[in-house]
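Each chain, written out:
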Amino acid sequence: MITPILLCGGSGTRLWPLSRKSYPKQFAKLMGEESLFQASSLRLSGEGFGAPVILTGEPFRFIVTEQLAAVEQAPAGILIEPEGRNTAPAVLAAALWLERQDPQALMLVAPSDHVIPDAAAFRAAVQAAVPRAQAGDLVTFGITPDRPETGYGYLELAKGADAGAATPQPLARFVEKPDAARATEMLAAGNFLWNAGIFLFSAASIVAAYKAHAPELMAGVTAALDGAKSDLGFTRLAAEPWGALEDISIDYAIMEKAENLAVMPYTAGWSDLGGWDAVWRESGPDSDGNVCSDHATAIGCADTLLRSETPGQEVVGIGLEDMMVVAMSDAVLVAPKSEAQRVKEAVAALKAKGASQAVQLPRDYRPWGWYESLIIGGRFQVKRIVVHPGAALSLQSHHHRSEHWIVVEGTARVTVDEDVRLLSENQSVYIPLGAVHRMENPGKVPMVLIEVQTGSYLGEDDIIRYEDVYARE
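The shown structure was predicted, so the numbers you read here are calculated from the model rather than taken from an experiment. (Residues numbered from 1 in each chain as written. Predicted model: local features only at pLDDT ≥ 70, side-chain atom pairs only at ≥ 80, totals over all residues. Heavy atoms only, no water.)

**Topic: the domain arrangement of the protein**
Here the protein is described as being made up of domain 1 (2–266), domain 2 (283–352) and domain 3 (363–467). A C-alpha centroid distance of 35 Å is found between domain 2 and domain 3. (Domains from an automatic or database assignment.)

**Things to note about the UniProt feature "domain: Nucleotidyl transferase" (unreviewed entry) in the protein**
The UniProt entry lists residues 4–282 under the feature "domain: Nucleotidyl transferase" (unreviewed entry), expressed in the numbering used here. Taken end to end, residues 4–282 is 35% helix and 21% strand, and its two terminal C-alpha atoms sit 24 Å from one another. (UniProt positions renumbered as here; feature names shortened; annotations may be inferred. Helix = DSSP H or I, 4+ residues; strand = E, 2+ residues; numbered from the N terminus.)

**Topic: the state of the cysteines**
Here the structure, examined in full by the defined rule, presents zero disulfides. We note that Cys301 lacks a disulfide partner, and the nearest cysteine sulfur, in Cys292, lies 7.3 Å from it. Take Cys301: its relative accessible area is 6%, and that puts it in the buried class. (Disulfide = S-S within 2.5 Å. Buried < 20%, exposed > 50% of the residue type's maximum accessible area, 1.4 Å probe, protein only.)

**Concerning unusual backbone geometry**
Note the cis peptide between Trp16 and Pro17, where omega equals 10 degrees. Residues other than glycine seldom take positive phi values, yet Leu232 does so here, at roughly 55 degrees. Of note, Leu232 is situated in the loop between strand 9 (229–231) and strand 10 (234–236). For Asp417, which is not glycine, the phi torsion reads 55 degrees and is therefore positive.

**Remarks on empty space enclosed by the protein**
What the rule picks out here adds up to one cavity of 30 Å³ or more. In this structure, the largest cavity encloses a volume near 40 Å³. Taken together, the residues that form the lining of the largest cavity break down as six nonpolar, one polar and one charged. (1 Å grid on protein atoms, 1.4 Å probe; cavity = no way out; pocket = protein on both sides within 12 Å on 5 of 7 lines; lining within 4 Å. Points joined across faces, edges and corners; volume = space filled by probe spheres on them. Nonpolar A, V, L, I, M, F, W, Y, C, P; charged D, E, K, R; others polar.)

**With respect to the pattern of salt bridges**
Counted under the stated rule, the structure contains 24 salt bridges. For Arg100, the salt bridge is made with Asp226, and the minimal N-O distance between the two is 2.7 Å. Here Arg100 is found in the loop between helix 3 (87–99) and strand 4 (106–111), whereas its partner Asp226 is found in helix 7 (residues 215–226), with 126 residues between them in sequence. A residue is classified by how much of its surface remains accessible, and Asp226, at 52% relative accessible area, is exposed. (Salt bridge = Lys/Arg side-chain N within 4 Å of Asp/Glu carboxyl O.)

Encoded structure:
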């Protein structure tokens, strides 16, 4: 049995404005009706696979459980990283967690934001690599390149290895991301594969590799796991030892030093969706080379990506060539596809000027549901709030604002100081400044309300929590 280890703590800045720190690309529906995270979980399920172990950050823990439940998946465990420290500490935390249950357990480490169209072919490749992993090798997966890509690291096969083999091959070395000329040379050579960042090994083998090549990480991660706290089904790694760990990838910490390596070639298609140019390529351009979302129209365009991410907002491109246009309600990206890797510069520039669009989506996801601002004025704000069935906001009060709630769908149980009442559609309630209040959804369908805030300060930090069922820190 193979335990999938899904890494989903990244921020995906190169797919801004759809992917932002508050809701990164792995949770977005970029390539269909499932998020990349959901697709990854489904791909690594079924015969031969156990329930996945998830590594993520505090802000995403309820997004993870909600999205898994939506595709009828249940995790074996969810480890919460106090802060991002790259892949080497994350993989070790999962390995130690798994080793304590079964040292010989096989673990397949995979990012949760990749696209692999042929799930059956990938599962077959994983099964082909199992004997080497059971024998104690560290197996990495290499993708057959189809272009001189400069955005990926490469794997150089050992002399005599077969880049198209259906079994693991000997690996010579890891190669850093090349420039265009070097990438062209490696493509022509035929003995280089893209480094997919996907690994298969036993828990015991990878723990032994850390002991040999990264003992300082071994001590810190062990302390973080020993000091972990469990709440609501999550395992929170201890913050102090975790924060002292080096920020380093598993490639640098382990793979470039280990000798018991093998590479499993994979030829059936893969993308890490590392930019909007990759989204365009993987979406299947039409005969003119265009990719358009449901609310986008191309007129006289060629080789262009047009996406509207907001229902009711139409995007029209006229006479565009080799462009990417991604529109949301609060931000629009327009750039040549050749500049796709520079999108992260836009995020940095927006951060520097203090623009919330750099990191925050218009829709803010919370454990109980989500909300979005419809309009903001000098002393007022109007929000749409959606609360999941059975969910409840924290018991809270505000220093600087009062609120008026109008239920537009479903039923709300509302607490205002000592008063508790049920509100149905078209009913409303006023929350005076300073009143202790809460809203709950006692029904079986989502509850939607409009909130009108008025006051001198409307920031989300104007909140005093008295009770919270989600153990938010």
